[in-house]
There are 2 protein chains.
Amino acid sequence: MLPRGRPRALGAAALLLVLILIGFFLFGGDLECERREQGGPGSFRCSLTPRVPPDGDLPADHGGCNRSDCVPLRPLPPKCELLHVAMVCAGHNTSRDVITLVKSMLFFRKNPLHLHLVTDAVARNILETLFHTWMVPAVRVSFYDAEELKPQVSWIPNKHYSGLYGLMKLVLPGALPPALARVIVLDTDVTFASDIAELWALFAYFSDEQVIGLVENQSDWYLGNLWRNHRPWPALGRGFNTGVILLRLDRLRQAGWEQMWKLTATQELLTLPATSLADQVWGSLLGGGGQAQGQGEMAVSAQDIFNAIIKRHPGLVLPLPCIWNVQLSDHTLAERCYSEAADLKVIHWNSPKKLRVKNKHVEFFRNLHLTFLEYNGNLLRRELFGCPSPPPPEAEQLQRALAHLSEEDTCLEFRQQQLTVHRVHITFLPHEPPPPRPHDVTLVAQLSMDRLQMLEALCRHWPGPMSLALYLTDAEAQQFLHFVEASAVLSARQDVAYHVVYREGSLYPINQLRNVAMAQALTPYVFLSDIDLLPSYSLYDYLRASIEQLELGSGRKAALVVPAFETLHYHFSFPNSKAELLALLDAGSLYTFRPTYRDCLQILKDEFHQDLSRHYGAAALKYLTALQQPEAPQG
Amino acid sequence: MLPRGRPRALGAAALLLVLILIGFFLFGGDLECERREQGGPGSFRCSLTPRVPPDGDLPADHGGCNRSDCVPLRPLPPKCELLHVAMVCAGHNTSRDVITLVKSMLFFRKNPLHLHLVTDAVARNILETLFHTWMVPAVRVSFYDAEELKPQVSWIPNKHYSGLYGLMKLVLPGALPPALARVIVLDTDVTFASDIAELWALFAYFSDEQVIGLVENQSDWYLGNLWRNHRPWPALGRGFNTGVILLRLDRLRQAGWEQMWKLTATQELLTLPATSLADQVWGSLLGGGGQAQGQGEMAVSAQDIFNAIIKRHPGLVLPLPCIWNVQLSDHTLAERCYSEAADLKVIHWNSPKKLRVKNKHVEFFRNLHLTFLEYNGNLLRRELFGCPSPPPPEAEQLQRALAHLSEEDTCLEFRQQQLTVHRVHITFLPHEPPPPRPHDVTLVAQLSMDRLQMLEALCRHWPGPMSLALYLTDAEAQQFLHFVEASAVLSARQDVAYHVVYREGSLYPINQLRNVAMAQALTPYVFLSDIDLLPSYSLYDYLRASIEQLELGSGRKAALVVPAFETLHYHFSFPNSKAELLALLDAGSLYTFRPTYRDCLQILKDEFHQDLSRHYGAAALKYLTALQQPEAPQG
């Protein structure tokens, strides 16, 4: 009995154990698969070993999940853990992109964030002002000077200076603070559709060897043979896209990353046939060449170098689920990814055509992107509950000042408006500062949406530099952008600086707007004007000549007053000379500027910026206040 | 040996088994707790048995989770499962609320939705037009006539007719289609901050007995004794809030729900002391009385009756995690919920003060709400990938028509605009239709944001009904709402109907706007006017008299032309009579309407609605076109 009984008892126990184990794995697997399909936080491609299929095809279940290859979910980062994000940003247009990306990130985030921005001087100037006035709680921003990093990448052949910025992703392990162990690196042309903490959570899946987390490319570029002699940089299969990167900075530093990528890049550049360089142009169109390159531009991208390194050391990479970098270039294979997933996490506009890319679902993706382009950034000034994230000191001071206001005060709205710190985006569009000239004058004015049609006429009448403050919502700022792009007159002018002051409250903050525009004027003199007034054609030259003649530069303080006239005629030939002006005055077609001006000031209080400028004709010259820059009046 | 060996082997196997079991539960529990704290989809309060603590205190870990009481997560509903949502909606203001709620729901949803709307005639008219023109893919809307359901609840004492609508939640099991087994019922004053599928997933936790899922009240109202003789309706502890309900309709029907609630309500009403009825007023202020009630209004709410039933049958209710109904009434205890959770799922503005409620974090919640108030609803017209959800036939037709347009066509923008179906929200603000009068005339005009300041003057000059189409963005519609609320002149007028046509594209769709305004005119005659023209004070009376005199009602078709004049003076005394008008004409203060009118039509093409009306003074009378309603011109 015993010899039979013992195995029976042991067998029963073993069977029970096996059943429990099966139950455990099946249950766990089943659960996680279901959850992943719903794209919950922490959901991920289930096979986490590098799995680039030998035939180069994206697996049908890319981002999908078979029950058998699921692994248990790991937790999201703790509630108040600080997440680090690095971006490289240069120039006016990329700064706009970064802000849209940041808005999408902030909309879904629930953790404190530290943004590490590698910037040129232009982007730093814009973004520093923006974040300073945005005052978002639990967001810290550090700037790193791209100029200082330039020597580390400038030896890599790039036809355009701008190509260097893309390469700076390679030097982040050395550039970011040594204590920083992990960072998410983003291209500026991505849009978040989910909480970035879910992406951060994927760091938990790195094996001891892995240092870089990347999503596979969703184009055939790196497979080569797209045409005769098409030889892209080496990559593992389709290679990986570097629009979204998880970097283990600590391990990269330990592993001698700097030597590694420089060696790889040098060796590949030496063996690269000349034709391959031209290929890069096409590569960028197909989403192969990293960040967008202009037509005809030769560029070796960070993506090329990352892929060449991974080809040599496949163990370094952790492949990420495709939904974390849905690539929308022409001929993208992204549909294989998103048509199965219930959930997209990050969209990547990695075509130089950006939102105009051809893609049968582009309308869907564009809507997601427009959501954040147009989103009122003021609404992102919301605190994180339960995280010790003191607001910036200015914000705290402001809160205290606002709390001191009495609700009974009849001027409450005005006092609130006075305290309001408006988000400011200086040089919203590309701008070339005027060359330094001792008697130069900048026309300074401010406007809102309903005065955009004045801009073309103003440009025709004032050939010199201008600094204009625009009081707009986020959505209106996009309309303004399209307005300028559609106008040949405005597009041609690089010496007009447009500064967007974002709307908040119901009053028109005329003093704050003027001050923003004045602070950004880069000449020694300014001509303060109303947006409804057109200067005479010769005024710019005349003023500079007068400033020189009157020797205003030699410490003599003076304000020049320019006579202003008004017409009530809709079709009006602007006078070309004083004689013509006097003739029109005699004929009664022109009047001197209205003496009832002051009566109209009350209209300023109107809720919807019915400012007095509406009440004056469009063909008058007003006044000149010539001031040395530091003496701008306080609003 | 054997007797010792066998137990040893068995013991080892048993120990292994126990260890595995412990590992399983610990691991599972740990995992789920971590996830829940991060508020991932499907996360929930871990104890799912009814757990209203005897001392009436909300547990400190409400919405929190101890490792020991965690249960495994259940999956979200399958990707394309249709989710059902029911709401009761009556009147103009509630219709606006519903749209904001729906926008927040659509923003996060990933499933097809079927909305079941119990509406009065006003809300049905508004919402039918809105959803028809919105054309959101994978959203079906069914309407149920509140008038038909009224007799089922009208026996419950309610001082105001409007109180009855809140009670209609009780009759949903009978009113909704018999085949419908589950539905989420929402108050119109909630805002979603997450995917509704996560809420739907909680149906999986209902025991066989449970039929209603509810979140506990976050106020002390139902505890009673807030003052002497304060005796609220009976409830289990703090009771449950009915702003968010999961209903198992199938089981409710089986269980004889109709009898159950009627019996409970009758018995409670019979035993209720008279003073308790007055208490309801205070109850609503404290978020205890269900949907908001006006000051001094006596109301028995559906919430009272639900709670009385649950007090009698505690087994019917599944308590839901508090984050699914964060209640923002005065003195709310909600902070205990949201300060621990990383994630809020649904916000409930269950104070009559709504967004003006006093709460130290109200700014945070208000920002979330404003996000959807201002959100461009057009962006929600996005398809669901991978779900067979054909767009409405009109949308498909439109897509085909748009696809046929040539990108080379110089008129492309105009043709696109002509095909665009604008979202239309008719009677955006409360409106009383004019009493039927045979010769009545409605002033019909259209405007955009920059003409709001004309409205007060227009109201002073035209004492009759008006139908005005406003071309606005979602954000501007809110500004417009505040503009009207702040104006005594506009607030006093119930006979002015404002119809919001939502902006899309860069052109001003003047014909579509006029047609919307004309279609909503409820009188036999209309006076088509430009927003920049002010009718003479007597015109409304004069026109009605003329229509009667000229017997236009007797089938005679005629258009009456009203002479129009123009002034260039900013400060202008409007003429009170023809004699005064002629005197001003002689004095040159007034001109006849400009003959160069047609020259200006090209300005209409300007991108930012620089329409010609800007070019005319504000004191002219234009023309009258008297048409029988069906003859409205096509745009």
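About the cut-offs
Residues numbered from 1 in each chain as written. Chains lettered and ligands numbered in written order. Predicted model: local features only at pLDDT ≥ 70, side-chain atom pairs only at ≥ 80, totals over all residues. Heavy atoms only, no water. Helix = DSSP H or I, 4+ residues; strand = E, 2+ residues; numbered from the N terminus. Buried < 20%, exposed > 50% of the residue type's maximum accessible area, 1.4 Å probe, protein only. Contact = heavy atoms within 4.5 Å. Areas by Shrake-Rupley, 256 points an atom, 1.4 Å probe, with all protein chains shown as cover. Disulfide = S-S within 2.5 Å. Salt bridge = Lys/Arg side-chain N within 4 Å of Asp/Glu carboxyl O. 1 Å grid on protein atoms, 1.4 Å probe; cavity = no way out; pocket = protein on both sides within 12 Å on 5 of 7 lines; lining within 4 Å. Points joined across faces, edges and corners; volume = space filled by probe spheres on them. Nonpolar A, V, L, I, M, F, W, Y, C, P; charged D, E, K, R; others polar. pLDDT = per-residue confidence, 0-100. Pairing = 2+ DSSP bridges. Axes fitted to C-alpha atoms, helices over the stretch in contact; angles between N-to-C directions. Phe/Tyr/Trp six-rings, centres within 6.5 Å; stacked < 30°, edge-to-face > 60°. Lys NZ or Arg CZ within 6 Å of the ring centre and 35° of its normal. Polar contact = N/O pair within 3.5 Å; in protein donor to acceptor, adjacent residues only side chain to side chain. Parallel < 35°, antiparallel > 145°, perpendicular 65-115°, else oblique. Right-handed = clockwise from strand over helix to strand, strands pointing away.

A. Looking closely at the overall build of chain A. The helix and strand tally for chain A stands at 21 helices and 17 strands. Per-residue burial for chain A yields a buried fraction of 58% across its 635 residues. Taking all contacts inside chain A whose residues are at least 6 apart in sequence as the whole, residues at least 24 apart take part in 79%. Put simply, chain A shows about 25800 Å² of open surface, and 56% of that area lies on carbon and sulfur atoms.

B. Molecular detail of the environment of Leu 82 of chain A. All names here are of chain A. Counting through the fold element by element, Leu 82 comes out in the loop between helix 1 (2–37) and strand 1 (83–89). C-alpha of Leu 82 to C-alpha of Arg 140: the two residues are 58 residues apart in sequence and 9.7 Å apart in space. Beyond its immediate stretch of four places on either side in the chain, Leu 82 contacts Pro 112, Leu 113, His 114 and Trp 200.

C. Inspection of the state of the cysteines at higher detail. All names here are of chain B. All told, the structure shown has 2 disulfides over all chains when counted by the stated rule. Each disulfide pairs two cysteine sulfurs, and for Cys 322 the partner residue is Cys 337, the sulfurs being separated by 2.0 Å. Here the disulfide of Cys 322 and Cys 337 is right-handed, its torsion about the S-S bond being about 90°. Pair noted here: Cys 322 is in the loop between strand 8 (317–319) and strand 9 (326–327) and Cys 337 is in helix 12 (residues 335–338), with a separation of 15 residues, a long-range link. The same class applies to Cys 322 as to Cys 337, namely buried.

D. Spatial organisation of the pattern of salt bridges. Residue and element names in this part refer to chain B. According to the stated counting rule, one finds 40 salt bridges over all chains in the structure shown. Between Glu 258 and Lys 262 there is a salt bridge, and its shortest N-O distance comes to 3.0 Å. Separated by 4 residues within a single helix, Glu 258 and Lys 262 lie in helix 9 (residues 257–271), roughly one turn from each other. By relative accessible area, Glu 258 is classed as partly exposed at 45%.

E. Spatial organisation of empty space enclosed by the protein. Residue and element names in this part refer to chain A. Scanning all chains against the criterion turns up 12 cavities of 30 Å³ or more. Together, Arg 96, Ile 99, Thr 100, Lys 103, Leu 373, His 425, Phe 428, Asp 474, Ala 477, Gln 478 and Tyr 502 line the second largest cavity. Secondary-structure elements contributing two or more residues to the lining of the second largest cavity are helix 2 (91–108) and helix 17 (474–486). With 4 residues, the top contributor of residues to the lining of the second largest cavity is helix 2. In terms of residue class, the lining of the second largest cavity is made up of 5 nonpolar, 3 polar and 3 charged.

F. A look at the confidence of the model for chain A. Residues and elements named next belong to chain A. Confidence in the prediction of chain A, expressed as mean pLDDT, is 78, and 75% of residues score 70 or more. Here residues 1–7 is a poorly scored stretch, pLDDT under 50, and it has 7 contacts once near neighbours within four places are set aside; other chains count. Across the interface, the model reports ipTM at 0.73; the global pTM reads 0.78.

G. Fine view of the sheet that holds strand 1 (residues 83–89) of chain B. All names here are of chain B. Here 7 strands make up an open sheet; going across it, the order is 3-2-1-4-7-6-8 and the pairing mixed. Bordering the open sheet on either side are strand 3 (139–145) and strand 8, each of which pairs with just one other strand. On average, each strand axis in the sheet is tilted by 25° relative to the strand beside it, whichever way the strands run. For strand 1 and strand 4 (residues 182–186), the ladder comprises 3 bridges, and the chain directions are parallel. Paired with Val 85 across the strands is Ile 184, a residue of strand 4. Across the face of the sheet, helix 2 (residues 91–108) comes into contact with strand 1, strand 2 (113–119), strand 3 and strand 4 while running at roughly 160° to strand 1. Across the sheet, helix 11 (residues 302–312) is in contact with strand 6 (212–216), strand 7 (240–248) and strand 8; its angle to strand 7 comes to roughly 65°.

H. Just the packing of aromatic side chains, in detail. In this structure the tally under the stated criterion is 37 aromatic pairs over all chains. Measuring from ring centre to ring centre gives 5.0 Å for Trp 200 of chain B and Phe 203 of chain B, while their planes differ by 75°; the resulting arrangement is edge-to-face. Among the aromatic side chains, those forming a connected cluster through ring pairs are Phe 107, Phe 108, Phe 372 and Tyr 375 of chain A together with Phe 107, Phe 108, Phe 372 and Tyr 375 of chain B. Sitting above the plane of the Phe 428 of chain B ring, Arg 96 of chain B keeps its charged end 5.5 Å from the centroid. Over the ring of Tyr 502 of chain B we find Arg 423 of chain B, and its NZ or CZ is 4.0 Å from the ring centre.

I. Quick look at the environment of His 369 of chain B. Residue and element names in this part refer to chain B. Mapping His 369 onto the fold places it in helix 13 (residues 362–373). Note: C-alpha distance between His 369 and Leu 344 (25 residues apart in sequence) is 12 Å. If near-sequence neighbours (up to four positions away) are discounted, His 369 is found in contact with Thr 100, Thr 191, Trp 349 and Leu 355. Of the polar contacts made by the side chain of His 369, one reaches the side chain of Trp 349; its length is 3.4 Å.

J. Quick look at the sheet that holds strand 3 (residues 139–145) of chain A. Residue and element names in this part refer to chain A. Strand order in this open sheet of 7 strands is 3-2-1-4-7-6-8, and the pairing throughout is mixed. The sheet is open, and its two edges are formed by strand 3 and strand 8 (317–319), each paired on a single side. When the angles between neighbouring strand axes are averaged without regard to direction, this sheet yields 25°. Relative to strand 2 (residues 113–119), strand 1 runs parallel, the two being bridged by 7 bridges. Each residue of the ladder has a partner; that of His 84, found in strand 2, is His 114. The strands that helix 3 (residues 121–134) touches are strand 1, strand 2 and strand 3; relative to strand 2, the one it contacts most, it runs at about 155°.

K. Geometry of the pairing of strand 1 of chain B. The buried fraction of strand 1 of chain B is high, at 7 of 7 residues. By the alternation rule, side chains of strand 1 of chain B split into Leu 83, Val 85, Met 87 and Cys 89 of chain B and His 84, Ala 86 and Val 88 of chain B, which are all buried.

L. Up close: unusual backbone geometry. In the Ramachandran plot, Ala 138 of chain A falls in the positive-phi region, its phi being about 60° despite a non-glycine side chain. Within the secondary structure layout, Ala 138 of chain A lies in the loop between helix 3 and strand 3. You can call Ala 138 of chain A buried: its relative accessible area is 12%. Even without being a glycine, Glu 551 of chain B presents a positive backbone phi close to 55°.

M. Examining the packing of helix 2 of chain B against helix 13 of chain B more closely. Residues and elements named next belong to chain B. Running from N to C, helix 2 and helix 13 cross one another at 90°; their axes reach a closest spacing of 8 Å. With respect to helix 13, the element helix 2 is oriented roughly perpendicular. On helix 13, the residues that touch Thr 100, Lys 103, Ser 104, Phe 107 and Phe 108 of helix 2 are His 369, Phe 372 and Leu 373. Among the residues making up the contact of helix 2 with helix 13, the classes are represented as 4 nonpolar, 3 polar and 1 charged.

N. Fine view of helix 11 (residues 302–312) of chain A. Buried residues dominate helix 11 of chain A, accounting for 9 of its 11 residues. Ala 302, Gln 303, Asp 304, Ile 305, Phe 306, Asn 307, Ala 308, Ile 309 and Ile 310 of chain A are the residues of helix 11 of chain A that are buried.

O. Examining the pairing of strand 2 of chain A more closely. Residue and element names in this part refer to chain A. With 7 of 7 residues buried, strand 2 is to be regarded as a mostly interior element. Neither face of strand 2 is exposed, since Leu 113, Leu 115, Leu 117 and Thr 119 on one face and His 114, His 116 and Val 118 on the opposite face are all buried. With helix 2 bridging strand 1 and its parallel neighbour strand 2, the resulting β-α-β unit is right-handed. For strand 2 and strand 3, the ladder comprises 7 bridges, and the chain directions are parallel. The residue of strand 3 that forms the bridge with His 116 is Ser 142. With helix 3 bridging strand 2 and its parallel neighbour strand 3, the resulting β-α-β unit is right-handed.

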